Amino acid sequence: MGDTSNGGDKVQLDPTLDFVAGTVAGMAGLVVGFPFDTVKVRFQSPAIASKYSSTWNAISTIIREERFFGLFKGITSPLAATALMNGLIFASYRFLMKLQLEHADAVPTLGQIAIAGAGSGIISSIITTPTELIKIRQQSLLVPTTARQVAWQIFREGGIRGLYRGFTATALRDTGYGAYFFAYEATCRLFSSPPSIDPTSTDLMAHLEKEVDTLSWPTLLLAGGAAGIAGWAVTFPLDVVKTRVQGSYPIYSTTLPHAPLAHHSARAYSTTTLVTTPLLEESAGVSGPKDLNPYRSTWSTIVHSYRNEGIGVFFRGLSPTLIRAIPVNMVTFATFEAVVKVFS
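Attention now goes to the overall build of the protein chain. Helix and strand content of the protein chain: 13 helices and six strands. Buried residues in the protein chain amount to 49% of all 344 residues. A sequence separation of at least 24 residues applies to 75% of the contacts in the protein chain between residues at least 6 apart. A total of about 16400 Å² of accessible surface is found on the protein chain, and carbon and sulfur atoms cover 65% of it.

The structure is reproduced here in structure tokens:
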């Protein structure tokens, strides 16, 4: 438990309240920004991207064809993981910051904040990867489904390893937390003196609570908007790669001995179709299956996407992502402050 000052008085910060407020605020921000996330994923998915000409066209088309709740398809998975993600990010950030500071009263540099943020993003990908995988599969489907159905299908076909498809791309994308925290803190420091952070007793939510108390709302909204834009601008191409890896399925090939090459598609999916041809047993003399999906890995996805669609493909869906930054941050900060005030 740490202290912060507000008008010269010492206020005890409750870590539990900070955690609860951060979780509720995160859920509120997720709900507000999710329609734009759905549009982003649709633009990034090569099988259905051509259906939409712009952000607003995509929103209107989804509402017309899939009803209003089509914009929230896939929200169950990230919503259920909000509390766990919140705890993991803040705990890992505090740990990584503590490793860098020489003593408890040291004020972290912006570089140290960026390193701790990037590191916490990589660690959080342990939770983010399966959560995002389920979300993206749901968002890419044009037919009704549930998070449980999608999760079970993935697990049945690939086990635990299947749930971590796209882990590398997710971890690389989530290094963007470094740019996020850097931009947020840099903006706040433009309008106030750098705060002293005790990494042994104060977490990110306590630090945020202090800034909410000492900085004006326009400043906080500016900082949040700058953080969101910086975080996405740095790693957005990797988000496109991640979506394509996680939104696709393995396409296997098996070779029969003493026979012409035969290609067998093992649950070769597009976003709307499913073709299944059982693989022959290896015991029957069939060589191990080889995944022919061009989006099978981070590197193969980068190469294939660039060769076929050019550099612009790595920024597809950026517009709705930047648009949602303002309302998401407004709701997140407002909700955090409201929860803290109600329960303080």
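Moving on from the model shown.
Let's shift gears to the packing of aromatic side chains. Summed over all chains, the structure comprises 10 aromatic pairs. Relative to Phe181, the ring of Tyr180 lies with its centre 5.7 Å away and its plane at 85 degrees, an arrangement referred to as edge-to-face. By relative accessible area, Tyr180 is classed as partly exposed at 27%. Note on Phe181: relative accessible area 12%, which makes it buried. On the numbers, 5.9 Å between centres and 65 degrees between planes, the contact of Trp232 with Phe236 is edge-to-face. Of this pair, Trp232 and Phe236 both sit in helix α10 (residues 217–246), separated by four residues, roughly a single helical turn. Judged on exposure class, the residue Trp232 and its partner Phe236 are both buried. Three or more aromatic residues joined by ring pairs form one cluster here, namely Tyr93, Tyr177, Tyr180 and Phe181. Above the face of the Tyr249 ring, Arg137 is positioned so that its terminal group lies 3.8 Å from the ring centre.

This paragraph deals with helix α6 (residues 147–163). With 17 residues, α6 should cover 24 Å at 1.5 Å per step; its first-to-last C-alpha distance of 13 Å lies more than 12% under that length. At Glu157, α6 shows its largest kink, close to 100 degrees. Of all the positions in α6, only Ala147, Val150, Ile154, Gly159, Gly162 and Leu163 are classed as buried.

Right, let's get into unusual backbone geometry. A positive phi angle, close to 70 degrees, is found at Arg67, a residue other than glycine. Checked against the element boundaries, Arg67 lands in the loop between α2 (55–66) and α3 (76–80). On the accessibility criterion, Arg67 (66% relative accessible area) is exposed.

For the pair helix α1 (residues 15–44) and α10, the least separation of the axes is 9 Å and the interaxial angle reads 65 degrees. For the pair α1 and α10, the sense of crossing is right-handed. Contacts from Lys40, Val41 and Gln44 in α1 reach Trp232, Phe236, Asp239, Val240, Thr243 and Arg244 in α10. For the contact of α1 with α10, the per-class residue count stands at four nonpolar, two polar and three charged.

Attention now moves to the pattern of salt bridges. What the rule picks out here adds up to 14 salt bridges. As a salt-bridge pair, Arg173 and Asp174 come within 2.8 Å of each other at their nearest N and O atoms. Of the two residues, Arg173 and Asp174, neither departs from the other in class, the shared state being buried. Glu309 serves as the salt-bridge partner of Arg316, at 3.0 Å between the closest nitrogen and oxygen. Using a relative accessible area of 26% as the deciding quantity, one classes Arg316 as partly exposed. Judged by relative accessible area, Glu309 falls into the partly exposed class, the value being 30%. Linked through salt bridges whose partners overlap, the residues forming this network are Asp37, Lys40, Glu132, Lys135, Arg173, Asp174, Asp239, Lys242 and Arg324.

Cut-offs and rules
Residues numbered from 1 in each chain as written. Predicted model: local features only at pLDDT ≥ 70, side-chain atom pairs only at ≥ 80, totals over all residues. Heavy atoms only, no water. Helix = DSSP H or I, 4+ residues; strand = E, 2+ residues; numbered from the N terminus. Buried < 20%, exposed > 50% of the residue type's maximum accessible area, 1.4 Å probe, protein only. Contact = heavy atoms within 4.5 Å. Areas by Shrake-Rupley, 256 points an atom, 1.4 Å probe, with all protein chains shown as cover. Phe/Tyr/Trp six-rings, centres within 6.5 Å; stacked < 30°, edge-to-face > 60°. Lys NZ or Arg CZ within 6 Å of the ring centre and 35° of its normal. Expected span 1.5 Å × (residues − 1). Bend = angle between axes of the 7 residues up to and from the residue. Axes fitted to C-alpha atoms, helices over the stretch in contact; angles between N-to-C directions. Left-handed = near helix turned anticlockwise from the far one by under 90°. Nonpolar A, V, L, I, M, F, W, Y, C, P; charged D, E, K, R; others polar. Salt bridge = Lys/Arg side-chain N within 4 Å of Asp/Glu carboxyl O.

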